[in-house]
Amino acid sequence: MADHSPDAHSPQKNAFQRHIAQTSDAPLGLEIERAEGVYLHTRDGREIIDFISGIAVSSLGHGHPEVVRAVQEQAARHMHVMVYGEFVQDTQSALAARLTSLLPGSLDRVYFVNSGTEANEAALKLAKKATGRHRFLAFRDGYHGDTQGSLSVTGRDVYRKPYEPLLPDVHFFDFNLHSVLESVTEDVAAVILEPIQGEGGIIPSDPDWLQALRKRCSETGTLLIFDEIQSGFGRTGKLFAFEHYGVVPDILTMAKAMGGGMPLGGLAASSRLFEAFMYDPPLNHVTTFGGHPVSCAAADAALRVLVRDGWMERAHRIEEAAKGILQGPGIDAVRGKGAMLGLQLTDSGLTRKTVQTCMERHGILLGWTLHSNTLIRLAPPLIIDEALLAETLTTIRDTVAACAD
Ligand code: PMP
């Protein structure tokens, strides 16, 4: 249980404990003073290596100077001016142009929202409207967010059960198994999946399976939705993970690293599909803050830097270093692609102890994925330098070994 006793030295911590609605009975409770590059600096003067990038957000590190400048300049020009889609706001347009220029031609438009779960909500609505169908297929251990629609296609009973009834006509299948294919029929609106499951334990999809799924969806007029909220924006070594597979979705959802640290989500699809959002009713999917100009300015700067400075390629080096160094007692495997990695340990006690020891003794922040308690998430900022990367991975390996002893 969390320690809720008042802390005489920290009114901030007391207010956090008393007045912030808690989502965990044991929050980490680090008091953040500032964050820069790969480091979090705490109020009590500790310097912590953020080896999970705020859960796959700060791929360019914290406070990248070009992102900060873009935020400052845009905030000074204008912030919110109008609900989504009415005014021409150049930060939105510039980002949409840059992003679509990097996507396959069929994904020629984007719709901006504020977060990952909202991107999936919009994708599900778009799929219903565009197909006139309402059945969805999704996967066990998939994670798509915590609002009602996204939770409806999230494949973990422990999170779903307390909130049922959820959306009807959602059917779950085993990830990477061909048994789903025969259920992709002409009454299915969409199949939604993460090309690499994140919270489910960093599980890459099998290329043959993904290609067969794409083919079946095309045959039946079923839309294929890829949730790349966690795997997008260079994390796996490509701008989006689907590029590793040669499979293009009908709808691509994104968020997290997209905003360069600012809140932003979006979905990309074809102009033809998005027509479904234009009529009957008008203003189908209005959002007040979706595509906030400051978030779009940050995202545009982050995307420019990501591509220009070659940070995506860096993800491959991170994978190579992790797979090379993380071997030894207590370690079963390192899974994943690029800098979206999972360190599979032999048991949950060892996992807990390793995460705790890395934090307390070595100032390395690691974490779990939501649906697995034997896997340590490794998602360092792509900008981490070579020496610090090697040193941190070595410390993690030695800590696992010591804890396994
Ligand atoms: N989809 C995936 C694959 C995710 O990893 C997450 C967040 N962990 C979400 C959706 C939800 O995103 P958000 O927290 O921004 O709503």
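The model shown is predicted, which means the values in this text are computed figures rather than measured ones. (Residues numbered from 1 in each chain as written. Predicted model: local features only at pLDDT ≥ 70, side-chain atom pairs only at ≥ 80, totals over all residues. Heavy atoms only, no water.)

### Points about a nonpolar patch on the surface
Keep this limit in mind: Any residue with relative accessible area above 30% and no salt bridge may belong to a patch, with like charges joined within 9 Å and the nonpolar Val, Leu, Ile, Met, Phe, Trp and Tyr side chains within 5 Å. Residue exposure ignores everything except the shown protein chains as possible cover, and the areas themselves are Shrake-Rupley values with a 1.4 Å probe. Within this document, salt bridges are pairs made up of a side-chain nitrogen of Lys or Arg and a carboxyl oxygen of Asp or Glu, the two lying within 4 Å of each other. Each helix corresponds to a stretch of at least 4 residues labelled H or I by DSSP, and each strand to a stretch of at least 2 residues labelled E; elements are numbered beginning at the N terminus. Think of it in three bands: with a 1.4 Å probe and only protein chains considered, a residue is buried below 20% of the maximum accessible area for its type, exposed above 50%, and partly exposed in between.
A contiguous nonpolar patch, built from Val81, Met82 and Phe87 and spanning about 240 Å² of accessible area, is present on the exposed surface. Note that Val81 resides in the loop between helix H3 (65–77) and helix H4 (90–101). Note on Val81: relative accessible area 38%, which makes it partly exposed.

### A few points about the domain arrangement of the protein
Applied cut-off: Each domain span listed reflects an automatic or database assignment of domains. Contacts were defined at the residue level, with two residues in contact if any of their heavy atoms lie within 4.5 Å. Buried area counts how much accessible surface, traced with a 1.4 Å probe, disappears from two parts once they are put together, with both parts' losses summed.
Domain boundaries assigned for the protein yield domain 1 (16–63 + 310–404) and domain 2 (65–308). Computed from C-alpha coordinates alone, the two centres of domain 1 and domain 2 are separated by 26 Å. Of the residues lining the interface, 30 residues belong to domain 1; the matching set on domain 2 comes to 37 residues. The junction of domain 1 with domain 2 conceals about 2,700 Å² of combined surface from both sides, 63% of it contributed by carbon and sulfur atoms. Contact with domain 2 buries surface across domain 1, with Met312, Met340 and His371 losing the most and accounting together for 31% of the total. Remark: the boundary between domain 1 and domain 2 carries one salt bridge.

### So, the packing of aromatic side chains
This is how the line gets drawn: Planes of paired rings set the category: under 30 degrees apart is stacked, over 60 is edge-to-face and the rest tilted, where pairs are Phe, Tyr or Trp rings (Trp by its six-membered ring) whose centres lie within 6.5 Å. The rule is short: NZ of Lys or CZ of Arg within 6 Å of the ring centre and within 35 degrees of the ring normal puts a charge over the ring.
For the coordinates displayed, the defined rule picks out nine aromatic pairs. Pairing Phe240 with Phe242 gives two aromatic rings, centres 6.2 Å apart and planes at 10°, and the pair type is stacked. Note on Phe240: relative accessible area 0%, which makes it buried. Judged by its relative accessible area of 3%, Phe242 is buried. Over the ring of Tyr279 we find Lys129; its NZ or CZ atom is 4.5 Å from the centre of that ring. If you follow Lys337 out to its NZ or CZ, it ends over the ring of Tyr245, 6.0 Å from the centre.

### Here's the deal with the pairing of strand E5 (residues 135–139)
Note the threshold: Criterion used throughout: strands pair if DSSP finds at least two bridges between them.
Summarising burial for E5: four of the five residues are buried, a large majority. The pairing of E5 with strand E7 (residues 188–193) spans three bridges and is parallel. In the sheet register, Leu137 faces E7, and the bridge partner there is Val191.

### Observations concerning the site of the ligand
Rule in force here: Proximity is defined per residue: any heavy atom of the residue falling within 4 Å of a molecule or strand makes that residue near it. Polar contacts here mean pairs of N or O atoms no more than 3.5 Å apart (in protein, one a potential hydrogen donor and the other a potential acceptor; neighbouring residues in sequence count only if both atoms are side-chain atoms).
Inspection of the region around the ligand gives 13 residues, with Gly116, Thr117, Asp227, Gln230 and Lys256 positioned closest. One nitrogen or oxygen atom from the main chain of Thr117 is found 2.8 Å from an oxygen atom belonging to the ligand. Side-chain polar atom of Gln230 to an oxygen atom of the ligand: 2.8 Å apart, as the coordinates give it. When the ligand sits alone it has 390 Å² of accessible area, and the protein chains cover 82% of it.

### Concerning the sheet that holds strand E16 (residues 367–369)
So the rule is basically this: The axes are straight lines fitted to the C-alpha atoms, using for helices just the contacting stretch, and the angles between their N-to-C directions are given from 0 to 180°.
One open sheet accounts for four strands, arranged E13-E14-E17-E16; its pairing is antiparallel. Looking at the sheet topology across the chains shown, the edges are occupied by strand E13 (331–337) and E16. Strand-to-strand twist of the sheet, defined as the mean angle between neighbouring strand axes without regard to direction, takes the value 40°. Bridge analysis of E13 against strand E14 (residues 340–345) gives six bridges, and the strand direction is antiparallel.

### Observations regarding the packing of helix H12 (residues 348–362) against helix H13 (residues 386–404)
To keep things clear, this is the line we draw: Orientation labels follow simple angle bins: below 35 degrees gives roughly parallel, above 145 gives roughly antiparallel, 65 to 115 gives roughly perpendicular, and whatever is left gives oblique. Two helices crossing with the near one rotated counterclockwise from the far one by less than a right angle form a left-handed crossing, whereas a clockwise rotation gives a right-handed crossing. Lys, Arg, Asp and Glu make up the charged group, whereas Ala, Val, Leu, Ile, Met, Phe, Trp, Tyr, Cys and Pro make up the nonpolar group; the residues left over, Gly among them, are polar.
In contact at an axis separation of 9 Å, H12 and H13 are set at 125° when each is read in the N-to-C sense. As judged from the angle between their axes, H12 and H13 are oblique. Between H12 and H13 the crossing geometry is right-handed. Between H12, through Leu350, Lys353, Thr354, Thr357, Cys358 and His362, and H13, the contact on the second element is made entirely by Thr395, Ile396, Thr399, Val400, Cys403 and Ala404. Grouping the amino acids of the contact of H12 with H13 by side-chain chemistry returns six nonpolar, five polar and one charged.

### What about the pattern of salt bridges?
Summed over the entire model, instances satisfying the criterion amount to 23 salt bridges. A salt bridge links Asp300 to Arg98, with the nearest nitrogen and oxygen atoms 2.6 Å apart. With Asp300 in helix H10 (residues 293–308) and Arg98 in helix H4, this pair connects stretches of sequence that are 202 residues apart. Owing to a relative accessible area of 12%, Asp300 belongs among the buried residues under this scheme. In this structure Arg98 comes out as partly exposed when scored by relative accessible area, which is 29%. Each of the salt bridges in this network shares a partner with another, and the network as a whole consists of Glu66, Arg304, Arg308 and Asp309.

### A look at the environment of Leu382
Relative to the elements of secondary structure, Leu382 occurs in the loop between strand E17 (372–378) and H13. Using a relative accessible area of 0% as the deciding quantity, one classes Leu382 as buried. Measuring from C-alpha to C-alpha, the distance between Leu382 and Leu137 comes to 33 Å, with 245 residues separating the pair along the chain. With sequence-adjacent residues up to four places away left out, Leu382 is seen in contact with Ser59, Gly234, Arg235, Leu306, Trp311, Arg314, Ala315, Ile318 and Ala339.

### With respect to the packing of helix H11 (residues 311–325) against H13
Packing of H11 against H13 leaves a shortest axis separation of 10 Å and a crossing angle of 30°. With respect to the hand of their crossing, H11 and H13 are arranged in right-handed fashion. For the pair H11 and H13, contact is made by Arg314, Arg317, Ile318, Ala321, Ala322 and Ile325 and by Glu386, Leu389, Ala390, Leu393, Thr394 and Arg397, respectively. When the residues that make up the contact of H11 with H13 are grouped by side-chain class, the tally is seven nonpolar, one polar and four charged.

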